[in-house]
Amino acid sequence: MAVKQISIFVENKEGKLVTITDAIATAGIDIRAMSVADTQDFGIFRLIVTDPDKAKEALESSGCFVSITQVVGVSIPDEPGSLAKVVKILARYNINIEYMYAFIAVAKKNASVVLRVADNEAAEKILVENGITLLQESDIVNF
């Protein structure tokens, strides 16, 4: 049930994000969520998009270094304490979160959180057993 995430290695230079976003737009792909982590010289631009395989092809054609990573998506109520509940459940089972980012579907009154963990299957099993709603790729694409 993991969600495909696009990761793009980006030089921290003027115009690089234009190349990336233009390639995605020209391919007719919508961005549903994103995160940028950077240093002085480079960054990693992470995206959840409507068609990850097509996005990867378009980005590679534009000269970008791209990979697809499986991540866990969860849907939680948009209220205080919801994220803490998820983090506590994973900590209780010694599942480390490498990184995460969130986005909100206002119409649904839920927050969606993307989690990168070492073992997606174990994390998904534990989260479901503890009443957390998992997101499928189609859930995110159809927001």
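Asker: Please clarify how a nonpolar patch on the surface should be interpreted in this entry.
Answerer: On the surface, Phe-9, Phe-42 and Phe-65 cluster together into a nonpolar patch covering about 330 Å² of accessible area. Position of Phe-65 relative to the elements: it lies in strand S4 (residues 65-77).

Asker: Any chance you could explain the domain arrangement of the chain here in plain terms?
Answerer: One widely used convention gives an interface's size as the accessible area the parts lose upon coming together. Examined at the domain level, the chain breaks down into domain 1 (3-69) and domain 2 (71-141). On a C-alpha basis, the centroid separation for the pair domain 1 and domain 2 is 23 Å. Listed as interface residues are 14 residues of domain 1 and, on the opposing side, twelve residues of domain 2. Regarding the contact of domain 1 and domain 2, the summed buried area is about 1200 Å², with carbon and sulfur atoms giving 60% of it. The three residues of domain 1 that bury the most area against domain 2 are Val-3, Arg-32 and Thr-69, which together make up 44% of that side's buried surface. The tally of links between domain 1 and domain 2 comes to zero salt bridges.

Asker: Hey, could you run me through the pattern of salt bridges in this one?
Answerer: Where charged atoms of side chains with opposite charge meet at close range, the side chains can pair. Under the counting rule described, the total for this entry stands at seven salt bridges. Among the ionic pairs, Asp-53 bridges to Lys-4, the shortest N-O distance being 3.1 Å. One end of the pair, Asp-53, is in helix H2 (residues 52-61); the other, Lys-4, is in strand S1 (residues 3-11), with 49 residues separating them in the sequence. Overall, the relative accessible area of 44% leaves Asp-53 in the partly exposed class. The shortest N-O distance in the salt bridge between Arg-116 and Glu-98 comes to 3.8 Å. Taken as a pair, Arg-116 in strand S6 (residues 110-117) and Glu-98 in strand S5 (residues 97-105) lie far apart in primary sequence, 18 residues in all. Overall, the relative accessible area of 22% leaves Arg-116 in the partly exposed class. On the basis of relative accessibility, which here comes to 44%, the residue Glu-98 falls in the partly exposed class. Connected through salt bridges with shared partners, the residues Glu-11, Lys-13 and Lys-16 form a single ionic network.

So, how was this worked out
Residues numbered from 1 in each chain as written. Predicted model: local features only at pLDDT ≥ 70, side-chain atom pairs only at ≥ 80, totals over all residues. Heavy atoms only, no water. Patch = residues over 30% accessible without salt bridge, like charges linked within 9 Å, V, L, I, M, F, W, Y side chains within 5 Å. Areas by Shrake-Rupley, 256 points an atom, 1.4 Å probe, with all protein chains shown as cover. Salt bridge = Lys/Arg side-chain N within 4 Å of Asp/Glu carboxyl O. Helix = DSSP H or I, 4+ residues; strand = E, 2+ residues; numbered from the N terminus. Domains from an automatic or database assignment. Contact = heavy atoms within 4.5 Å. Buried area = accessible area lost by both parts, 1.4 Å probe. Buried < 20%, exposed > 50% of the residue type's maximum accessible area, 1.4 Å probe, protein only.

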